[in-house]
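Reading the structure
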Amino acid sequence: MSSIEVKIEEKKIEEKKPPEAIEVPKEYRVYARVIEIMTGIAVAIMVLSLILYGSHALPPYVTLAEIVKYWKLASTKFWMILKGIRIHGYDWIFAHLAHADMVGMISVLFLATACFVGNVGLAIYAAMRRDVPLLMFAVIECIILLIGYLKPYIIL
Amino acid sequence: MASLAAKQLWVYIVIAIGLILIFSMIGITQAATSHVVSIPLWYWPISLFFLTLGIGMLAPMAGVGGGVMFVPITSAFWPFHMDFVRGCGLCMAITNALTSSPKFLRTGLGNIRVALPLVTVGTGSAIAGACLGLYITQAFPCGKYYIKIALGAILFFILAIMVLSKRVEFPEVKYVDKFSRWLRLSGRWYEPSLGRVVEYHCTRAGLGMLAFVGVGFLAGMFGLGAGWANVPVLNLILGMPIKAATSTSLCIITMTDAAPAAIYLAKGAILPLLMIPAVLGMYIGSRIGAWSAVIARPKVIKYIFFAILVFAAIMDIYKGLHGLHMI
């Protein structure tokens, strides 16, 4: 390749670089970082749960044999027949954290609440910038998410 | 060189489809017999992992998320109750969206300002959809069959949207209404293929919010990611460029599916020993799929995807009607 060709190639690469003028709002980066961290934790917990289950370090709350036997039942019947409990809320997960499979349940809590934490971050930044539309919808979204999370305790 | 790459791509596609077909068929044979315990127990989570790995590999090439393939396939071919299928589907959709959206947000392609007004409505209706979906399966003895029939019908609706809706790469927005102007629904990103910064303005935010009432409801009720509906709404109603719309759709899924996932968890409709292999399979598969989708997106993949979805929809409706003793 001649030196002229090399120069042309370099110029093309230079042109393809994104201009520094593209400044992504800081709240977007904060939201991205928050959900990245929380998803990373969730996936790590899933892997940990599998290791704990596979290595028999912790016994499962529900064995695979029990799952296979009753998985055709609706979730409420499944738990009622298998454990004699009526599942309502999250207390039952925390009450059985000494079981490998229940450790895995914590990962779902991280996945489900990642956007809530991200939205709190968005609301704070929007308030600091006095960005009324963004603040308003971030707060509304937080409230709706909270209602969703706490629904089992709000409406019986 | 090019033919070698094409060959590799076809080997990849055959592997992905093979995984889906093999593990779907095994699900059918096991669902058809009552002797499910006759095979080694460890086989179930492993086969679920490989099924979702195959879906994850194929879905990005077909331009869809994994949830829209997982829920119909497992509900049609596997013996799980609909509650567990939907709980699992939501966890997969949300993990997929949460892992993909940060990179789009950092480049400006994902637009939270556009997503937020839509998700406030979408999340509310998704909560209502999740509650109704669980109520139907638990309050009515034949509830799961109603859900299966509805899912089959919805799948045909999804297919119609995917076939009929025309994607506009850069929609022309001639007028921005007052509400959208107040929300400041605009964005910009650097588009390497054009070598320039693309700027856009969105309009008809109110109409978009109205559409999201339905989109969120379906996502919550059937445990779908609903990217198939988010993108047309953003692209055709709000006038968002297609690339920004697909990226923003992922940001939307992170929020609309979050509350329903918590509701399914609070009702015991998520089983870790099924959910974890499925999510990890999808997590790995979608990464491989995203990489291969950059290389090529053969049109035939979309037809294969349509064929799988049509078959799953027919099976869902058949199983639902059969369960109700109507066939």
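As a reminder, the structure under discussion sits directly above these lines.
Overview of the structure. (Residues numbered from 1 in each chain as written. Chains lettered and ligands numbered in written order. Predicted model: local features only at pLDDT ≥ 70, side-chain atom pairs only at ≥ 80, totals over all residues. Heavy atoms only, no water.)

1. Regarding the overall build of chain B
- Of regular secondary structure, chain B possesses 13 helices and two strands.
- Buried residues in chain B amount to 61% of all 327 residues.
- Restricting the contact set of chain B to residue pairs at least 6 apart, pairs at least 24 apart contribute 81%.
- Split by element, the accessible area of chain B, about 12200 Å² in all, is 71% carbon and sulfur. (Helix = DSSP H or I, 4+ residues; strand = E, 2+ residues; numbered from the N terminus. Buried < 20%, exposed > 50% of the residue type's maximum accessible area, 1.4 Å probe, protein only. Contact = heavy atoms within 4.5 Å. Areas by Shrake-Rupley, 256 points an atom, 1.4 Å probe, with all protein chains shown as cover.)

2. Some details on the side chain of Asn111 of chain B
- Tracing the backbone through its elements, the reader meets Asn111 of chain B in the loop between α4 (82-107) and α5 (112-139).
- At 2.9 Å, the side chain of Asn111 of chain B and the side chain of Tyr200 of chain B are in polar contact.
- If sequence neighbours within four positions are ignored, Asn111 of chain B has contacts with Tyr28 of chain A together with Ser186, Gly187, Tyr200, Met240 and Thr248 of chain B. (Polar contact = N/O pair within 3.5 Å; in protein donor to acceptor, adjacent residues only side chain to side chain.)

3. Concerning the environment of Ile270 of chain B
- Along the polypeptide, Ile270 of chain B turns up in the loop between α11 (258-266) and α12 (272-295).
- Put simply, Ile270 of chain B and Phe84 of chain B are 186 residues apart on the chain and 5.7 Å apart in space, counted from C-alpha to C-alpha.
- When near neighbours in sequence (up to four residues on either side) are disregarded, Ile270 of chain B contacts Met105 and Val108 of chain A together with Phe84, Gly87, Cys91, Ala261, Tyr264, Leu265 and Met275 of chain B.

4. Considerations on the packing of aromatic side chains
- The final tally for this structure, using the stated rule, is 16 aromatic pairs over all chains.
- With a centroid separation of 4.7 Å and an interplanar angle of 85°, the aromatic rings of Trp71 of chain A and Trp44 of chain B are classed as edge-to-face. In this pair, Trp71 of chain A sits in the loop between α3 (64-70) and α4 (75-83) while Trp44 of chain B sits in helix α2 (residues 43-62), so the two residues belong to two different chains.
- On the numbers, 5.2 Å between centres and 70° between planes, the contact of Phe78 of chain A with Phe84 of chain B is edge-to-face. Here the residue Phe78 of chain A occupies a position in helix α4, and Phe84 of chain B occupies one in helix α4, the pair thus bridging two chains.
- An aromatic cluster is built from Tyr61, Phe78, Trp79 and Trp92 of chain A together with Phe84 of chain B, whose rings are joined through pairwise contacts.
- The ring of Tyr61 of chain A carries Lys83 of chain A above its face, with NZ or CZ at 4.4 Å from the centroid. (Phe/Tyr/Trp six-rings, centres within 6.5 Å; stacked < 30°, edge-to-face > 60°. Lys NZ or Arg CZ within 6 Å of the ring centre and 35° of its normal.)

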